[in-house]
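Below, each chain spelled out in residue letters.
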Amino acid sequence: MGLLDKKYHDSNIIIVSLESALNWARKSSLWYEQFGLACCAIEMMATAASDYDFDRFGIIPRSSPRQADVMIVAGTVTMKMASRIERLYEQMSEPRYVISMGSCSNSGGPYWEHGYHVLKGVDKVIPVDVYVPGCPPRPEALLEGFLKLQERISNETIIEPRETEQESTEEEKEPIEVE
Amino acid sequence: MTTEEITEYLNREYGGNLDPTYAEAGDSWITVSPSVLREVAKTLRDDKNLQFNNLMCLSGIHYQKENELGVAYHLHSTIHDHKLVMKVRVPEDNPVVPSVESLWKTANWHEREAYDLVGITFRGHPGLLRILTPQDWEGHPLRKDYEQQESYRNVSTGI
Amino acid sequence: MAPVTSPQPAAIENRTMTINMGPQHPSTHGVLRLEVTVDGEVVTKVKPDIGYLHRCFEKYAESLGDYAKVVPYTDRIDYVSALHQEMGYVIAVEKLLELEVPERVEYMRVILAELQRIASHLLGIGTFGLDLGAFTPFLYCFIERENILRILEKVSGARLLYNYLCVGGLMRDIPTDFTSDTWEFVTSFRPKIKELNDLLTTNSIFIDRTANIGVLPAEVALNYSASGPMLRGSGVSWDLRKNDPYSIYDRFEFNVPVGQGEMGTVGDCWDRYIVRVREMEESLKIIEQALDQMPGEGDVKEAVPRRIRSKEGEVYVRTETPRGELGYYIISEKSGPYRIKARTPSFVNLSILPAISKGALVADLVAIVGSIDIVLGGVDR
């Protein structure tokens, strides 16, 4: 908190709405679940590694879904994997977010036609917050996806909390598409 | 040795009547009947002049026009450095081929794959289960007349 | 004082337990699931369960009806070494169609393939270190990997899945500064291997975790048809670039590094690792020679057919990828491909896992899986 200490050194009281404080804390430490499915996982690793450096956004990989805030579905989801993805999502605690990375998890991607074993879009099994297009998306695109997610988180309110899965069955939230 | 020489050698030494097949382009191959497949495979592996110790690839094929299923064995000898393509064909309604798992361990997973995707049963395989698709999957996807199931465990496989 | 009696063995409950590793596990390199039977901490049986990334490549290859359309799908078989998958495929189709490829294209393919080999090994080594708890080498490896990806991106326009090779040639011409970029990379990368060796190869914790672990004897490796660093780590000098040269590999001088059991037994995890490190140096040698010999001028699309006229017949072509022998078995009809089977090294190499992990500790299992260096896209296709 070095920066804040310097800025507010004579009075250590900051007046802020609870909402923005909560949202600020939430969006600045998005821990994602470290699990890759296919090609996109390699780009996800590249984003986490030296050149693109996820850490500067407070985005850190966690190996357990219990400790993760975000799930990046990085790659092709197959029929065999679909139920496992669902299980992993259920294990995450609220508030939880999902980024669908790459064409395959968005819509089946190149495997939409004859891919008998490929799930045509991960949104058939779990709700998705941000779709990142590309095959595979560049690391910059994934970072942009995270920035969009942060934007969404900062607009959340306590009075109207983010719809949980049970409540959202009636009306789905409009997903954001990264340019 | 080339395919012709190997066939000639096998016919001379073991009294078979194998005949290599040629296509317009690419490799030639020999076709053996499923009843003698294991015997031929064992000879190919153990004969001093052949010593095919490496099974490079094993593929299942569906010949739709002939209503037949086939298996292609790509053999290679690291000792003599020669290759051979061996094929076996069985009817679609009774696709049983003897397993070569005990000769080349690598055949284990390849045969499971051929069973999974093409639907060939390998007699004598220690655990012939589906390998790529789930155990409760319907049909064999690489058959030419395969029809995709509409849903799997209540999740639609379509768009 | 009453004599102290040690607890009777019968009082200890002695039974095995089955635990599930994956498909979501940070060190299974993707979506591999292992059914592990353990007796305490000792692994008694491993049953790999694959297919969580089965993307129907073979169905696609025969359904698309055109040889040219398959190339992007071959990329996605083994996405860490996409150029090798393309190269194997286009060589197979060229053999079927009896196409002659211009010299410049051949050299370019070799240079790109070797760059890709280094990039792939860097990823393999980095994640192997990561599995064993060494985070720093991973970061260092990725800096170098990004340098290669930058070159490849300049050439092809993509970072990971290139779709750059095509039957008979290359998709587009080579950028003018490709040679100078590659030279710059080669000179800067050589000292980095030394750095990597200091970080990982001679690190005593790393040696403790990998030496004498997961020993694969040469005869078992051959019976399982293992290939690549998996086979060479067991002391068998077998490299298709040397033993069954394809493309123009017979023109270059390079060595085939094999495992010698320097830190333990021949064929252990450390040997498989060191083969990869040494192969990177050999790849640098090949790149240097190829850059020197490459013709400066020439149309890379000269031999590309406007429409591929398919022939009846079949070919099996194998090439050496960073993970081992990649074979394409193509059965062709007049109308197009009838059946294309990809024999991937990851699939075959992984089938050895049950044989070599018996008796290892659970923690060692991670090291063994990491040292096989599988890519699940290659295993499941």
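Residues numbered from 1 in each chain as written. Chains lettered and ligands numbered in written order. Predicted model: local features only at pLDDT ≥ 70, side-chain atom pairs only at ≥ 80, totals over all residues. Heavy atoms only, no water.

Trainee: Tell me about the UniProt feature "binding site: [4Fe-4S] cluster" (unreviewed entry) in chain A, residues and numbers included.
Mentor: When the UniProt feature table is mapped onto this chain numbering, "binding site: [4Fe-4S] cluster" (unreviewed entry) sits at Cys39, Cys40, Cys104 and Cys135 of chain A. Annotated residues spanning 97 residues; largest pairwise C-alpha distance 9.8 Å, indicating a single compact cluster. Assignment of secondary structure puts Cys40 of chain A in helix α3 (residues 39–48). Setting aside residues no more than four positions away along its own chain, Cys40 of chain A makes contact with Ala74, Gly75, Met101, Gly102, Pro136 and Pro137 of chain A. By secondary structure assignment, the location of Cys135 of chain A is in the loop between β5 (130–132) and α6 (139–154). Under the relative-accessibility criterion, Cys135 of chain A is labelled partly exposed at 32%. With sequence-adjacent residues up to four places away left out, Cys135 of chain A is seen in contact with Ser103 and Pro110 of chain A together with Arg76 and Leu161 of chain C. (UniProt positions renumbered as here; feature names shortened; annotations may be inferred. Helix = DSSP H or I, 4+ residues; strand = E, 2+ residues; numbered from the N terminus. Contact = heavy atoms within 4.5 Å. Buried < 20%, exposed > 50% of the residue type's maximum accessible area, 1.4 Å probe, protein only.)

Trainee: Tell me what's going on with the interface of chain B and chain C, and back it up with residues and numbers.
Mentor: In this assembly, 43 residues from chain B lie in contact with 39 residues from chain C. For the chain B and chain C pair, buried surface summed over both sides reaches about 3500 Å², with 54% attributable to carbon and sulfur atoms. When residues of chain B are sorted by the area they lose upon contact with chain C, Trp109, Leu132 and Leu142 of chain B head the list and together hold 20% of the total. At the junction of chain B and chain C, the tally comes to 7 salt bridges. Asp27 of chain B is paired through a salt bridge with Lys95 of chain C; the nearest N and O atoms lie 3.4 Å apart. For the pair chain B and chain C, the number of links is 22 residue pairs in polar contact (both at pLDDT 80 or more). Elements represented by at least two residues in the side of chain B that touches chain C include exactly β2 (25–26), β4 (54–63), β5 (68–76), β6 (83–91) and α3 (107–117) of chain B. With 10 residues, the single largest contributor to the side of chain B that touches chain C is β4 of chain B. In the side of chain B that touches chain C, the residues fall into 20 nonpolar, 13 polar and 10 charged. Here 2 bridges tie β2 of chain B to strand β6 (residues 313–321) of chain C, and the two strands are oriented parallel to one another. Considered in β6 of chain C, the bridge of Ala25 of chain B is made with Gly313 of chain C. (Buried area = accessible area lost by both parts, 1.4 Å probe. Salt bridge = Lys/Arg side-chain N within 4 Å of Asp/Glu carboxyl O. Polar contact = N/O pair within 3.5 Å; in protein donor to acceptor, adjacent residues only side chain to side chain. Nonpolar A, V, L, I, M, F, W, Y, C, P; charged D, E, K, R; others polar. Pairing = 2+ DSSP bridges.)

Trainee: Please give an account of the confidence of the model for chain B that cites residues and values.
Mentor: For chain B, the average pLDDT comes to 87, and 100% of its residues sit at 70 or higher. Interface confidence for the predicted complex, given as ipTM, is 0.91, next to a pTM of 0.89. (pLDDT = per-residue confidence, 0-100.)

Trainee: Please set out the side chain of Glu62 of chain C residue by residue, giving values where relevant.
Mentor: The topology assignment puts Glu62 of chain C in helix α1 (residues 57–63). Residue classification places Glu62 of chain C among the buried positions, given a relative accessible area of 10%. Beyond its immediate chain neighbours, meaning those up to four positions away, Glu62 of chain C contacts Leu142 and Lys144 of chain B together with Pro337, Tyr338, Arg339 and Ile340 of chain C.

Trainee: Hey, could you go over the sheet that holds strand β3 (residues 42–49) of chain C for me, with residue numbers and the actual values?
Mentor: All names here are of chain C. If you trace the 3 strands from one edge of the open sheet to the other, you get β1-β2-β3, paired in antiparallel fashion. Single-partner strands in this sheet number two, and they are β1 (17–21) and β3. Averaged over all neighbouring strand pairs, the angle between strand axes comes to 25°, with direction disregarded. As defined by bridge partners, strand β2 (residues 33–39) adjoins β3 across 7 bridges and the pair is classed as antiparallel. (Axes fitted to C-alpha atoms, helices over the stretch in contact; angles between N-to-C directions.)

Trainee: Let's hear about the interface of chain A and chain B: which residues, and what values?
Mentor: Facing the 10 residues of chain A at the interface are 15 residues of chain B. Summing both partners gives a buried area of about 1100 Å² for chain A against chain B, and 66% of it is carried by carbon and sulfur. The largest contributions to the chain A side of the interface with chain B come from Met79, Lys80 and Tyr116 of chain A, which together make up 53% of the buried area. The tally of links between chain A and chain B comes to 0 salt bridges. Applying the counting criterion to the chain A and chain B interface returns 0 residue pairs in polar contact (both at pLDDT 80 or more). Split into classes, the residues belonging to the side of chain A that touches chain B amount to 6 nonpolar, 1 polar and 3 charged.

Trainee: Describe unusual backbone geometry, with residues and values.
Mentor: Residue Pro95 of chain A follows Glu94 of chain A across a cis peptide bond; omega there is -10°. When you line up the elements, Pro95 of chain A lands in the loop between α4 (79–91) and β4 (97–101). Each neighbour pair has its own omega, and for Cys135 of chain A with Pro136 of chain A the value is -10°, a cis peptide bond. Relative to the elements of secondary structure, Pro136 of chain A occurs in the loop between β5 and α6. For Asp373 of chain C, which is not a glycine, the phi torsion comes out positive at approximately 55°. Position of Asp373 of chain C among the secondary structure elements: in the loop between α14 (362–372) and α15 (376–380).

Trainee: Any details on the side chain of Arg232 of chain C? Residues and values, ideally.
Mentor: Residues and elements named next belong to chain C. You can see Arg232 is positioned in helix α9 (residues 229–232). Among the residues examined, Arg232 registers a relative accessible area of 0% and is labelled buried. Within the structure, Arg232 has its side chain in polar contact with the side chain of Glu320 (distance 3.0 Å). Excluding residues that lie within four positions of it along the chain, Arg232 makes contacts with Trp238, Asp239, Val256, Pro257, Val258, Gly259, Val275, Glu279 and Glu320.

Trainee: Provide a residue-level description of helix α2 (residues 37–46) of chain B, including the pertinent values.
Mentor: Taken together, the buried positions of α2 of chain B are occupied by Leu37, Val40, Ala41, Thr43 and Leu44 of chain B. Viewed end-on, α2 of chain B has its buried residues packed into an arc of 160°, placing them on one side of the element. (Arc of directions from axis to C-beta.)

Trainee: Hey, could you go over the UniProt feature "domain: NADH:ubiquinone oxidoreductase 30kDa subunit" (unreviewed entry) in chain B for me, with residue numbers and the actual values?
Mentor: Listed under "domain: NADH:ubiquinone oxidoreductase 30kDa subunit" (unreviewed entry) in the UniProt record, and renumbered for this structure, are residues 30–150 of chain B. Spanning residues 30–150 of chain B, this segment combines 17% helix with 31% strand, and its end C-alpha atoms are found 40 Å apart.

Trainee: How would you explain the sheet that holds β2 of chain B if you had to name every residue and give the values?
Mentor: Strand order across the open sheet formed by 4 strands is β2(B)-β6(C)-β7(C)-β8(C), with mixed pairing between neighbours. Each edge of the open sheet is held by one strand with a lone partner, namely β2 of chain B together with β8 (336–343) of chain C. When strand β7 (residues 324–333) of chain C meets β8 of chain C, the two strands line up antiparallel, connected through 7 bridges. Paired with Ile331 of chain C across the strands is Arg339 of chain C, a residue of β8 of chain C.

Trainee: Explain the UniProt feature "domain: NADH:ubiquinone oxidoreductase-like 20kDa subunit" (unreviewed entry) in chain A to me, and be specific about the residues and the numbers.
Mentor: The sites that UniProt annotates as "domain: NADH:ubiquinone oxidoreductase-like 20kDa subunit" (unreviewed entry) are residues 39–149 of chain A. Structurally, residues 39–149 of chain A is divided into 35% helix and 14% strand, and its ends, taken at the C-alpha atoms, are 22 Å apart.

Trainee: Tell me about α4 of chain A, and name the residues and values.
Mentor: Taken together, the buried positions of α4 of chain A are occupied by Met79, Lys80, Met81, Ala82, Ile85, Leu88 and Tyr89 of chain A. Close packing links the buried residues of α4 of chain A with β1 (31–33), β3 (70–74) and β4 of chain A, β9 (151–152) and β10 (155–156) of chain B together with β3 of chain C.

Trainee: Tell me about the pattern of salt bridges, and name the residues and values.
Mentor: Should their charged atoms come close, side chains of opposite charge can pair. Residue and element names in this part refer to chain A. For the structure on display, the rule yields 49 salt bridges over all chains. Between Glu156 and Arg26 there is a salt bridge; the shortest N-O distance is 3.6 Å. Here Glu156 is found in the loop between α6 and β6 (176–177), whereas its partner Arg26 is found in helix α2 (residues 18–28), with 130 residues between them in sequence. Take Glu156: its relative accessible area is 9%, and that puts it in the buried class. The exposure class assigned to Arg26 is partly exposed, which follows from its relative accessible area of 32%.

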